[in-house]
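# Reading the structure
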Amino acid sequence: MSVGPDSRAGPSASTEPAGQLQRLALRSVHRALSDLRRGVPVLLDTLMASESAGRPLGARLAVLAAEGASAAGLAEFEALTAGPATLLLAPVRAATVLRRPVPEQGLVALQASPALLRPHVLHGFADPTAEQFVGSLPSTVAALPGSAAAMLLVKLARLLPACLVAPSDAVEPGLVRLGEAEVLGYQNRAAGTLRRVADAAVPLEGVSDARVVAFRAADSAIEHLAVIIGHPELLPADAPAPLVRLHSECFTGDLLGSLRCDCGPQLRQAVARMAAEGSGALLYLAQEGRGIGLVNKLRAYTLQDAGLDTVDANRALGWGDDERSFLVAAAMLEELGIRRIRLLTDNPDKLAALQACGVSVEGRVSAAITANGVNDAYLATKTARLGHLR
């Protein structure tokens, strides 16, 4: 199964155990995510090509998330810079703030003038639900090397995809400093270090033979859960493969019973179907809102109430249509000893992702839920624009 961590080259690679290197790489990313969420800049080491000799040269970026940027954070960021700063935005968000079309691929880098380097202005550029900037619009410039990794770091922090970056030659002992490879390989590395950390019987209403298994990646505080019905790992080879559902957590739908989505009914339907068959596994993944997080999902709801559908609302915030990674699900199945499955889903991307990771998917079972009068347009959008099956 192709979920193992990427190795990180370096002078200590031959002397330190590989597991320790992976933990250190994960720790660097987690510390950076924490600082970005607190409005503190981080330093990102990257590689750029020398224009004169064509040789790789070390380069460093100072990175500050636009969401939550304070006057103090901006002052600290500016003290680290050794060149002009740029504001990175996703294309759809950039087209909105610039009021003109932009290339749809990659990132858009805007020249960060003094007028832009103010908290409320940055917040408006980052968040379409906040007060918008109405002054002179900035010019577009070439994105700095390492910009894609900087933006990914902000997205991993579940912050709005908008950040300031600038060249830096600073070496600050109090700041987190990490490498581009650590960021780009994070999801693979985290999935490769996933381990079960707790396992307990949890009888459910109508399902006495159920247990919950908790998983955590090395150096991470995020837990993914597996709800196990019966013993799907022990089914004989000549029996149908066990039912498995990949279910991304949904606070509003699963817990509150929100009518805006189909998550709650799908969750309960999955458990009931597995109970009826006598076994199955529901993987409850910490990837709220198709991977954008609860806060951003609520912002997307605000935009939907203004007339956007679920796809365009995510794009307007700077996110992709689906930001989830299912590497973690494949790693969980491996750890649980479930080698073959029938997947309970209407999402073809889940089928393709698990198959790409080496999971034997022997069939698909529809997870379709009847519309309730509130989520009709949402369900229709998932079919028409995200390719969901019925």
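Sequence positions are assigned chain by chain, starting from 1 and proceeding in written order. Totals for whole chains, interfaces and linings use all residues, but because this is a predicted model, local features are given only for residues with pLDDT of at least 70 and pairs of side-chain atoms are given and counted only at 80 or more. Note: side-chain values were computed over all heavy atoms of the structure, leaving out hydrogens and water.

## Quick notes on the pattern of salt bridges
Within this document, salt bridges are pairs made up of a side-chain nitrogen of Lys or Arg and a carboxyl oxygen of Asp or Glu, the two lying within 4 Å of each other. Counted by the stated rule, this structure contains 20 salt bridges. A salt bridge links Arg-196 to Asp-199; the shortest N-O distance between them is 3.3 Å. We classify Asp-199 as partly exposed; its relative accessible area is 41%. Each of Asp-45, Arg-60 and Arg-177 takes part in salt bridges that share partners, so that together they form one network. Buried means the residue's accessible area, taken with a 1.4 Å probe over protein chains only, is under 20% of the maximum for its type, while exposed means over 50%, and partly exposed covers the values in between.

## Here's the deal with the sheet that holds strand β14 (residues 360-365)
The mixed open sheet is built from seven strands, whose spatial order is β8-β9-β10-β12-β11-β13-β14. Strands at the two margins of the open sheet, each flanked by one partner only, are β8 (195-201) and β14. Strand-to-strand twist in this sheet, taken as the mean axis angle between neighbours without regard to direction, amounts to 25°. Criterion used throughout: strands pair if DSSP finds at least two bridges between them. What counts as a helix is a DSSP run of H or I of at least four residues, what counts as a strand is a run of E of at least two, and both are numbered from the N terminus. As paired strands, strand β13 (residues 340-344) and β14 are joined by five bridges and run parallel to one another. Bridge assignment links Arg-342 to a residue of β14, and that residue is Gly-363. Those strands touched by helix α9 (residues 263-277) are β10 (223-229), β11 (243-248), β12 (280-285), β13 and β14, and its axis lies near 160° from that of β11. Contacts are residue-level and defined by heavy atoms, with any inter-residue pair within 4.5 Å sufficient. Whenever a helix is involved, its axis is fitted only over the stretch in contact; in every case the axis is a line through C-alpha atoms, and angles between N-to-C directions fall within 0 to 180 degrees. Against the sheet, helix α13 (residues 327-336) contacts β8, β9 (210-216), β10, β11, β12 and β13, and its axis sits at roughly 140° relative to β12.

## Quick notes on the environment of Leu-303
The topology assignment puts Leu-303 in helix α11 (residues 294-305). With 14 residues separating them along the chain, Leu-303 and Leu-317 place their C-alpha atoms 9.0 Å apart. Residue contacts for Leu-303: discarding those within four places in its chain leaves Pro-128, Thr-129, Leu-308, Ala-313, Ala-316 and Leu-317.

## As for the pairing of strand β6 (residues 162-167)
Taking burial as the measure, the six residues of β6 include five buried ones, the bulk of the element. Bridge analysis of strand β3 (residues 86-89) against β6 gives four bridges, and the strand direction is antiparallel. By the bridge assignment for β6, Leu-87 is matched with Leu-164.

## Points about the environment of Asp-199
Considering the arrangement of structural elements, one finds Asp-199 in strand β8. Residues Asp-199 and Ala-218, 19 residues apart in the sequence, show an inter-C-alpha distance of 17 Å. Discounting chain neighbours no more than four positions away, the residues touching Asp-199 are Arg-211, Val-212 and Val-213. Counting of polar contacts relies on pairs of N or O atoms within 3.5 Å, with two restrictions inside protein: one atom must be capable of donating a hydrogen and the other of accepting it, and residues adjacent in sequence are counted only when both atoms are side-chain atoms. A polar side-chain atom of Asp-199 sits 3.3 Å from a polar atom in the side chain of Arg-196.

## Observations regarding the side chain of Ser-147
Position of Ser-147 among the secondary structure elements: in helix α5 (residues 147-156). A distance of 2.6 Å separates a polar atom in the side chain of Ser-147 from the backbone oxygen of Leu-144. Among all residues touching Ser-147, those that are not within four sequence positions of it are Leu-61, Leu-88, Leu-107 and Val-165.

## Looking at the nonpolar core
Remark: nonpolar core denotes a set of buried residues (Ala, Val, Leu, Ile, Met, Phe, Trp, Tyr, Cys) joined through side-chain atoms within 4.5 Å. Grouped together as the largest cluster of nonpolar side chains are 57 residues, with contacts concentrated most on Val-63, Leu-153, Leu-246, Leu-283, Ile-341 and Leu-354. The element contributing the most residues to this core is α13, with eight residues. Those residues in contact with Ile-341, other than ones at most four positions away along the chain, are Ala-241, Pro-242, Val-244, Leu-333, Leu-354, Val-359, Ser-360, Val-361, Glu-362 and Gly-363. Judged by nonpolar contacts, the second largest core, of 39 residues, contains Phe-77, Leu-98, Leu-110 and Ala-126.

None of the figures reported here should be taken as evidence of function without further support.
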